[in-house]
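Spelled out, the chains give:
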Amino acid sequence: MYSKLWLDYERLPKAKVKSIQFDSNEESSLILHAKEELRQALDIDSEADFSVSLTQESNGDTDKSEAFSIEVKDHSAKIQSSSEEGLLYGAYECIKLLRLGALADGFKKNYVPSTPLRMINHWDNMDGSIERGYSGKSFFFRDEKIIVDERTEMYARFLASIRINALCFNNVNVVGPATELISSRYYEDLNKLFEIFQSYGIKPYLSLNYASSMELGGPNTADPYDPEHISWWEEKMAEIYQNLPSLGGFVVKADSEGRPGPFTYGRNQADGANMLGRAIAPFGGKIIWRAFVYNCQQDWRDHRTDRARAAYDYFSPLDGAFEPNVYLQIKNGPIDFQVREPISPLFFAMAKTNLILECQIAQEYTGQQIDLCYLLPMWKEILNFPADMASHTVGQRVAIPSAGIAAVANTGDDWNWTGHILAGANFYGFGLLAWDFDVDEKQVAEEYLSLVLGLEGPALAKVKDMMLMSWPTMEKYTAPLGVGFMVTPHYHYGPNIDGYEYDRWGTYHRADWKGIGIDRTETGTDYAHTYPEALGDMYADPEKCPDNLLLFFHHVPYTHVLQSGKTVIQHIYDSHFEGYAEVLAFLETWNSLEGQMDDDIFLHTKERFERQAANAREWCDQINTYFYRKCGIPDEKGRKIYT
Ligand code: GCU
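Residues numbered from 1 in each chain as written. Predicted model: local features only at pLDDT ≥ 70, side-chain atom pairs only at ≥ 80, totals over all residues. Heavy atoms only, no water.

Close contacts around the ligand come from 14 residues, with Glu131, Lys253, Arg290, Lys331 and Glu364 the closest. At a separation of 2.7 Å, an oxygen atom of the ligand approaches a polar side-chain atom of Lys253. Here an oxygen atom of the ligand sits 2.7 Å away from a polar atom, N or O, in the side chain of Asp336. Considering the ligand on its own, with 310 Å² of exposed area, one finds that the protein chains cover 96% of that surface. Here the ligand is seated within the second largest pocket. (Near = heavy atom within 4 Å. Polar contact = N/O pair within 3.5 Å; in protein donor to acceptor, adjacent residues only side chain to side chain. Areas by Shrake-Rupley, 256 points an atom, 1.4 Å probe, with all protein chains shown as cover. 1 Å grid on protein atoms, 1.4 Å probe; cavity = no way out; pocket = protein on both sides within 12 Å on 5 of 7 lines; lining within 4 Å. Sits in = over half its atoms within 2 Å of the grid points.)

Encoded structure:
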C-alpha cells in the first residue's frame with residue numbers, strides 16, 4: 001500500500017460538477033489522461049454549481065507553449081490551452097481548485113511557466129539503493145532490473161500534476177550496470193518505463209558515465225579530441241536514439257568525486273561537454289553537464305585552495321564556449337546544499353551559457369526527512385535573489401530563468417513516498433515553484449496540508465506555521481552563521497563538529513581558541529570577489545556581510561559583534577538554545593493534533609518529531625560545549641552548558 005498524496009481523490013469529499021465537456025477531438029495520451037483525471041476526481045451532479053470544459057484552442061501560431069488558463073463564467077469553468085501539456089496541467093489545477101473550494105464565477109487566471117525545463121533528478125542505483133535517499137528503496141530499479149508497476153504510473157501522475165516536464169532516472173554517479181543503461185541490456189525495459197512518463201508529458205533523461213567507451217568495449221580513452229573516441233560516441237548516440245527515441249538527453253557528472261572526465265586528458269570541461277553535445281545534436285538531445293567540480297583530495301593544512309571557488313574558477317572562463325545544446329547545471333550554492341550558503345557566483349558570471357539551477361529536495365544536510373525542514377523559503381530566496389540584491393548588483397541578473405531548474409528527488413518506495421509525510425510538501429512545492437518562481441510558499445503549505453492530511457482550521461494553521469518556521473529553526477540548531485559542514489562525516493545527519501576538519505573534502509570551519517570562520521576575503525582566498533563587484537565588496541566587509549553568512553566569508557573572534565548587536569559566541573549559544581526549544585515546541589504542537597488526522601500519519605510523524613528533538617538536543621549541546629571549551633566565554637544568560 002502507498003499513499004496517493006495530493007491525488008487521493010477520496011480524502012476530501014468529492015467535488016461535484018454538473019458536467020464535464022471535452023472540446024478536443026485529440027486522443028493523444030496527454031488528453032486522455034486529462035479526461036481520466038477529471039472523471040476520477042469529480043462527481044457528476046445536476047444540482048452542482050459548475051460545469052467544467054476542457055478546450056484546446058490554438059492561438060493561430062505554432063506556439064506549443066505549456067501555458068494554460070482557467071476561467072469561470074456563468075457557472076462554467078473553462079480550461080484552455082493551445083497545447084496538450086497545458087490542458088493536462090489545467091485539468092489538475094482545476095481539480096485542485098474545486099477540491100479546495102477555490103473556484104467561483106469571476107475566477108480568471110493565466111498560468112505561464114517561469115522556465116521551460118523543470119526537472120527531477122533521481123540518484124537511484126541499479127541495485128535498488130538510493131544515494132542520499134531517506135524514504136526507502138528505488139521504485140525504478142531493483143537487483144539490476146528495471147521496475148515498471150502501478151507505482152510507476154502513480155509517480156508520473158504526481159510529476160505531471162506539479163508540472164514537472166523532465167526526469168532523470170539514475171544516479172549521477174554512474175557505475176557498474178548503470179553504465180550499461182545505454183546498451184541492449186536495458187533498451188527494451190527502459191522504453192516501457194519511458195513510455196509511461198512520456199504519456200504524461202515528461203521527457204526521460206539518463207545519467208551518463210563520461211568514460212562509457214572504455215567500459216562498453218569502445219576505444220580505451222575518453223579524450224574528447226581523440227577521433228576514434230568521437231566516432232564511437234557518434235555511433236553510440238545513433239544506436240541509443242534508434243532504441244530510445246523519446247530520450248531527452250543525458251546528465252553528466254564528470255571530473256567530480258572520483259568520476260572520470262576530460263581533465264584526465266588535459267582538456268577542459270567545455271571540451272568534454274561539447275564532444276557529447278555534438279554527438280547527440282543530430283537527435284535533438286541535450287547534454288546537462290554538472291558544474292559540481294572541485295578537488296576532493298585537499299589537504300586541510302592548505303588554506304589557499306578553496307572548494308567554494310572551484311566551480312567558478314573552472315567554468316567562468318568558459319562562458320560562451322559551450323555548444324547550444326549543452327546546459328550547465330549549477331548547485332544553488334558554491335559548496336554543497338548546506339542549510340545556509342550564498343548563491344553560486346556562476347549565476348552572475350555566465351550570461352552566454354544555458355544555466356540550470358540545481359536544488360536538493362532530498363534533505364541530505366537538512367534533516368534527512370527525519371527533521372522537519374520546509375525548503376520552499378530557501379529556494380525562493382535563491383530565485384528572488386536578483387530583486388533582493390538589485391541595489392548591490394547594479395543591473396546584473398541571475399540567468400536561471402532562461403534554461404531551467406532541476407532538483408534531486410526525495411522520493412522512494414516508502415508508503416508515503418518521502419519518509420516524513422511533511423517532506424512531501426517539498427516535492428509538491430518544488431514543482432509548483434519551478435513553474436512559478438513567485439509561488440506563495442504559505443499557500444503551497446496550506447494546499448498540501450489540506451489535500452494530503454485533510455487538515456483545516458486551527459490544526460492546519462498550526463502545522464503550516466511549523467513548516468514555515470522549520471528552515472530557520474534548523475539553521476539555529478545546526479552549524480552557525482553560514483559555516484556549514486559540522487555534520488557526521490559520510491552520513492551527514494547529526495553533529496560532528498570536527499568530523500570534516502582534518503579531512504580531504506575542503507569543508508573546514510577553522511575554529512581555534514580565538515575565533516572561527518573561513519577568510520574568503522582579499523587576505524584569504526578572495527572568493528568574495530567572484531561576485532559582481534558591489535556584491536563582492538559587501539560580502540568582503542565583515543561589517544556589511546549579512547550575519548547569516550559571516551563565518552562563510554570571514555574568520556572573526558568570538559567577541560566580534562554581529563549586525564544583530566550580539567557577539568558571535570552569544571549568538572551561537574542563543575540560537576542553539578532557541579532552535580532546540582523550537583523543536584520541542586514542534587513536538588508539543590504535533591502531539592496536540594492527535595485525532596485530527598489519520599492515526600497512522602499522526603503516529604508516524606510523531607516519531608519523526610521525537611527523533612528531531614533528540615537530534616536538535618545533541619546539536620545544541622555539542623555545539624555549545626564545543627565553543628565554550630574552545631573560548632571559555634560563558635553564556636551571558638547562565639544557561640546549562642555541559643563541560
Ligand atoms: C554530495 C553528495 C553525494 C553526491 C554529490 C553530487 O556530495 O554527498 O552523495 O554524489 O553531492 O551532487 O554529485
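Okay, the domain arrangement of the protein next. Here the domain parsing of the protein yields domain 1 (5-111), domain 2 (119-453) and domain 3 (477-518 + 555-631). Taken over C-alpha atoms, the centre of domain 1 sits 31 Å from the centre of domain 2. With 22 residues of domain 1 at the contact, the number on the domain 2 side is 28 residues. For the domain 1 and domain 2 pair, buried surface summed over both sides reaches about 2200 Å², with 63% attributable to carbon and sulfur atoms. Among the residues of domain 1 in contact with domain 2, Leu5, Trp6 and Tyr89 are the three that bury the most area, contributing 37% of the side total. The tally of links from domain 1 across to domain 2 stands at 3 salt bridges. (Domains from an automatic or database assignment. Contact = heavy atoms within 4.5 Å. Buried area = accessible area lost by both parts, 1.4 Å probe. Salt bridge = Lys/Arg side-chain N within 4 Å of Asp/Glu carboxyl O.)

Moving on, we come to the sheet that holds strand β13 (residues 249-252). Read once around its circumference, the closed barrel built from 8 strands follows the order β8-β11-β12-β13-β14-β15-β16-β17, with strand pairing classed as parallel. Neighbour-to-neighbour, the strand axes of the sheet open up by a mean angle of 25°, direction not taken into account. Relative to strand β12 (residues 203-208), strand β11 (residues 166-170) runs parallel, the two being bridged by 3 bridges. Looking across to β12, one finds that Cys168 is bridged to Tyr205. Its contacts with the sheet place helix α4 (residues 187-198) against β11 and β12, and it is angled at close to 135° to β12. (Pairing = 2+ DSSP bridges. Helix = DSSP H or I, 4+ residues; strand = E, 2+ residues; numbered from the N terminus. Axes fitted to C-alpha atoms, helices over the stretch in contact; angles between N-to-C directions.)

One finds Trp6, Tyr155, Phe197, Phe250, Trp289 and Leu453 to be the most contacted residues of the largest nonpolar core, which totals 218 residues. With 11 residues, the top contributor of residues to this core is helix α19 (residues 599-631). (Core = buried A, V, L, I, M, F, W, Y, C linked by side-chain atoms within 4.5 Å. Buried < 20%, exposed > 50% of the residue type's maximum accessible area, 1.4 Å probe, protein only.)

Further remarks concern helix α8 (residues 307-315). Residues lying three or four places apart along an α-helix face the same way, a consequence of the helix completing one turn every 3.6 residues. Residues of α8 that are buried: Arg307, Ala308, Ala310, Ala311, Tyr312 and Phe315. With a side-chain oxygen positioned 2.9 Å from the backbone nitrogen of Ala308, the residue opening α8 is Asp306.

Let us now look at the pattern of salt bridges. All chains considered together, the criterion is met by 41 salt bridges. Glu36 is the partner of Arg39 in a salt bridge, and the nearest nitrogen-oxygen pair spans 3.6 Å. Taken together, the positions of Arg39 and Glu36, both in helix α1 (residues 29-41) and 3 residues apart, correspond to about one turn of that helix. Connected through salt bridges with shared partners, the residues Lys566, Asp574, Asp635, Lys637 and Arg639 form a single ionic network.

This part covers the environment of Lys14. In this structure, Lys14 sits in the segment before β1 (15-17). In this structure Lys14 comes out as partly exposed when scored by relative accessible area, which is 24%. Put simply, Lys14 and Ile44 are 30 residues apart on the chain and 9.8 Å apart in space, counted from C-alpha to C-alpha. Once residues within four sequence positions are removed from consideration, Lys14 is found in contact with Tyr9, Gln40, Ala41 and Asp43. Looking at Lys14, its side chain comes within polar contact range of the main-chain oxygen of Gln40, at 2.6 Å.

As a further point, take the packing of helix α13 (residues 424-435) against helix α14 (residues 441-453). The geometry of α13 relative to α14 is characterised by a closest axis approach of 10 Å and an angle of 130° between their N-to-C directions. Relative to α14, α13 is oriented oblique. Like other packed secondary-structure pairs, α13 and α14 cross with a definite hand, here right-handed. Counting all contacts with α13, which are made through Gly424, Ala425, Tyr428, Gly429 and Leu432, the residues of α14 involved are Val444, Glu447, Tyr448 and Leu451. Grouping the constituent residues of the contact of α13 with α14 by class yields 6 nonpolar, 2 polar and 1 charged. (Parallel < 35°, antiparallel > 145°, perpendicular 65-115°, else oblique. Left-handed = near helix turned anticlockwise from the far one by under 90°. Nonpolar A, V, L, I, M, F, W, Y, C, P; charged D, E, K, R; others polar.)

A few words on helix α6 (residues 227-243). Compared with an ideal rise of 1.5 Å per residue, which puts 17 residues at 24 Å, α6 spans 24 Å between its outermost C-alpha atoms and is within 8% of the ideal. When α6 is considered as a whole, its buried residues turn out to be His229, Trp232, Trp233, Lys236, Met237, Ile240 and Tyr241. End-on, the buried residues of α6 take up no more than an arc of 155°, which puts them together on one face. Facing away from the buried side of α6, by more than 90 degrees, are the exposed residues Pro227, Glu228, Glu235 and Gln242. Where α6 begins, the capping side chain belongs to Asp226, and its oxygen is found 3.0 Å from the backbone nitrogen of Glu228. (Expected span 1.5 Å × (residues − 1). Arc of directions from axis to C-beta.)

Quick look at empty space enclosed by the protein now. Counted under the stated rule, the structure contains 9 cavities of 30 Å³ or more. If you go around the largest cavity, you meet 18 residues; those closest to its centre are Ala291, Phe292, Ala311, Gly333 and Pro334. At the level of elements, α8 and β15 (326-331) are the ones that each hand at least two residues to the lining of the largest cavity. Broken down by element, the residue count for the lining of the largest cavity peaks at 5 residues, all from α8. Together, 14 residues line the second largest cavity, and Trp6, Leu7, Tyr92, Lys96 and Ser161 are the ones closest to its centre. At 5 residues, helix α2 (residues 84-99) tops the list of elements feeding residues into the lining of the second largest cavity. (Points joined across faces, edges and corners; volume = space filled by probe spheres on them.)

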